[in-house]
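Geometric and topological summary
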Amino acid sequence: MLRPLPKRLGRLLSRTMSHREADPRAAGKRVLVAGLGNYGLRGTRHNVGMAVLNQLAQKLNVADQWKTDRRCRADVTIANVEEAELVLMKPRRLMNINGLSVASAAETYELGVEDIYLVHDDLDKPLGKMAIKLGGSARGHNGVRSCISSLRSDCMVRLRVGIGRPVEEALVESYVLGRFTSAEHEVLQRVLEQAADLLLGHILQRSSGKDHMPPGSKRDRTPH
């Protein structure tokens, strides 16, 4: 069973609707959260990062506020929660050039690489397992590689959401571009909810100065 949302986090989310009309800089620390994927290929395993962003936007009551920001060629919506202002973005580009949108957004919203979260799929973790990691290599992920290249840094925080790996390595491309099976859909919604909760909790802790992750460290989480 998925664990219930912590009471403190629930109270924060209930106040988000009243906050979102406020001065964007009033909430405190600004953070960019990018869901990586192939824009327009909704429902595929490779786009699970964008699915997490949709879930987070819904949780923060800003799912109806997505707008196209032509400056960074991405869909963007903004939410204020306690000490943090979250700029949620979904690049309107193919996965292997997502980094162009992320770098443009960092410049547009005046953010450093340490203020950027990347949310993406991970072949090396089974569906239902996820981890937050600070820095490190792309590990073969083209979207992350594009972000590292465009930002000229690997110091972004990454939420890696497991999608599993096909038995035959030659089938990886068709696997990641394929849609989740009926059996996978039975657990997918719980995974998206858990990922959104984990992501938001980490952002709030970090924004309040209560969390300090050294480069290369990670935290694993498996939904129950």
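In this report, the structure presented in the accompanying data block is examined.

About the thresholds
- Residues numbered from 1 in each chain as written.
- Predicted model: local features only at pLDDT ≥ 70, side-chain atom pairs only at ≥ 80, totals over all residues.
- Heavy atoms only, no water.
- Helix = DSSP H or I, 4+ residues; strand = E, 2+ residues; numbered from the N terminus.
- Buried < 20%, exposed > 50% of the residue type's maximum accessible area, 1.4 Å probe, protein only.
- Areas by Shrake-Rupley, 256 points an atom, 1.4 Å probe, with all protein chains shown as cover.
- Arc of directions from axis to C-beta.
- Contact = heavy atoms within 4.5 Å.
- Axes fitted to C-alpha atoms, helices over the stretch in contact; angles between N-to-C directions.
- Parallel < 35°, antiparallel > 145°, perpendicular 65-115°, else oblique.
- Left-handed = near helix turned anticlockwise from the far one by under 90°.
- Nonpolar A, V, L, I, M, F, W, Y, C, P; charged D, E, K, R; others polar.
- Pairing = 2+ DSSP bridges.
- Phe/Tyr/Trp six-rings, centres within 6.5 Å; stacked < 30°, edge-to-face > 60°.
- Lys NZ or Arg CZ within 6 Å of the ring centre and 35° of its normal.
- Core = buried A, V, L, I, M, F, W, Y, C linked by side-chain atoms within 4.5 Å.
- Salt bridge = Lys/Arg side-chain N within 4 Å of Asp/Glu carboxyl O.

1. Concerning the overall build of the chain
Within the chain, the regular secondary structure consists of seven helices and eight strands. Burial status across the chain gives 52% buried among its 224 residues. Carbon and sulfur atoms make up 50% of the accessible area of the chain, which amounts to about 10600 Å² in all.

2. Thoughts on helix 5 (residues 142-151)
Burial in helix 5 covers these residues: Gly 143, Val 144, Ser 146, Cys 147 and Leu 151. Looking straight down helix 5, one finds that the buried residues subtend no more than 155° of arc, so they occupy a single side. Each element contacted by the buried residues of helix 5 is listed here: helix 4 (98-108), strand 5 (116-122) and strand 7 (157-162). Arg 152 occupies a position one or two residues after helix 5 and carries a positive phi of about 55°.

3. Focus: the packing of helix 3 (residues 48-59) against helix 7 (residues 182-207)
Closest axis-to-axis distance for the helix 3/helix 7 pair is 9 Å, and the angle between their directions is 70°. It follows from the interaxial angle that helix 3 and helix 7 lie roughly perpendicular. You can see that helix 3 and helix 7 cross each other, and the crossing is right-handed. Between helix 3 and helix 7, the residues in contact are Val 48, Ala 51, Val 52, Gln 55, Leu 56 and Lys 59 and Gln 189, Leu 192, Glu 193, Ala 195, Ala 196, Asp 197, Leu 199 and Leu 200, respectively. Looking at the contact of helix 3 with helix 7 residue by residue, the classes come out as nine nonpolar, two polar and three charged.

4. Some remarks on unusual backbone geometry
Here Arg 73, not a glycine, exhibits a phi torsion of approximately 50°, which is positive. With respect to the element layout, Arg 73 can be found in the loop between strand 2 (67-69) and strand 3 (74-81).

5. Overview of the pairing of strand 4 (residues 84-91)
For strand 4, the buried fraction is high: eight of the eight residues fall into the buried class. Two strands pair when backbone bridges link them, and strand 1 (residues 29-35) and strand 4 are joined in this way by six bridges, in the parallel orientation. What sits directly across from Ala 34, in strand 4, is Met 89. Relative to strand 4, strand 3 is paired through eight bridges, and the arrangement is antiparallel. The partner of Asp 75 across the bridge, within strand 4, is Lys 90. Adjacent in sequence and paired antiparallel, strand 3 and strand 4 are bridged by two residues, among which Glu 82 carries a positive phi angle near 50°.

6. Topic: the packing of aromatic side chains
This structure, assessed with the given rule, holds zero aromatic pairs. In this structure, Arg 45 packs its charged tip against the face of Tyr 175, placed 4.0 Å from the ring centre. The ring of Tyr 109 has Arg 71 lying over it, and the distance from NZ or CZ to the ring centre is 5.5 Å.

7. So, the pairing of strand 6 (residues 130-134)
By the criterion of burial, strand 6 is predominantly enclosed, with five of the five residues buried. Burial along strand 6 is two-sided: the residues Met 130, Ile 132 and Leu 134 and Ala 131 and Lys 133 are all buried. Strand direction decides the pairing type here: strand 6 and strand 7, joined by five bridges, are antiparallel. Within strand 7, the position partnered with Leu 134 by the bridge is Val 157.

8. Quick notes on the nonpolar core
Residues Val 33, Leu 60, Leu 88 and Leu 159 are the most contacted members of the largest nonpolar core, which totals 39 residues. If you look at the next biggest cluster of nonpolar residues, it comprises 21 residues, including Leu 32, Leu 36, Val 76 and Val 102.

9. Quick look at the pattern of salt bridges
Evaluation of the coordinates by the stated rule reveals nine salt bridges. A salt bridge links Asp 124 to Arg 165, with the shortest nitrogen-to-oxygen separation between them at 2.8 Å. Of this pair, Asp 124 sits in the loop between strand 5 and strand 6 while Arg 165 sits in the loop between strand 7 and helix 6 (172-176), and the two are 41 residues apart along the sequence. Looking at Arg 165, the relative accessible area reads 37%, which means it is partly exposed. Residues participating in the shared-partner salt-bridge network are Asp 124, Arg 139 and Arg 165.

10. Some thoughts on the environment of Glu 173
One can find Glu 173 in helix 6. Judged by its relative accessible area of 59%, Glu 173 falls in the exposed class. Counting along the chain gives 127 residues from Glu 173 to His 46, while the straight-line C-alpha distance between them is 9.5 Å.

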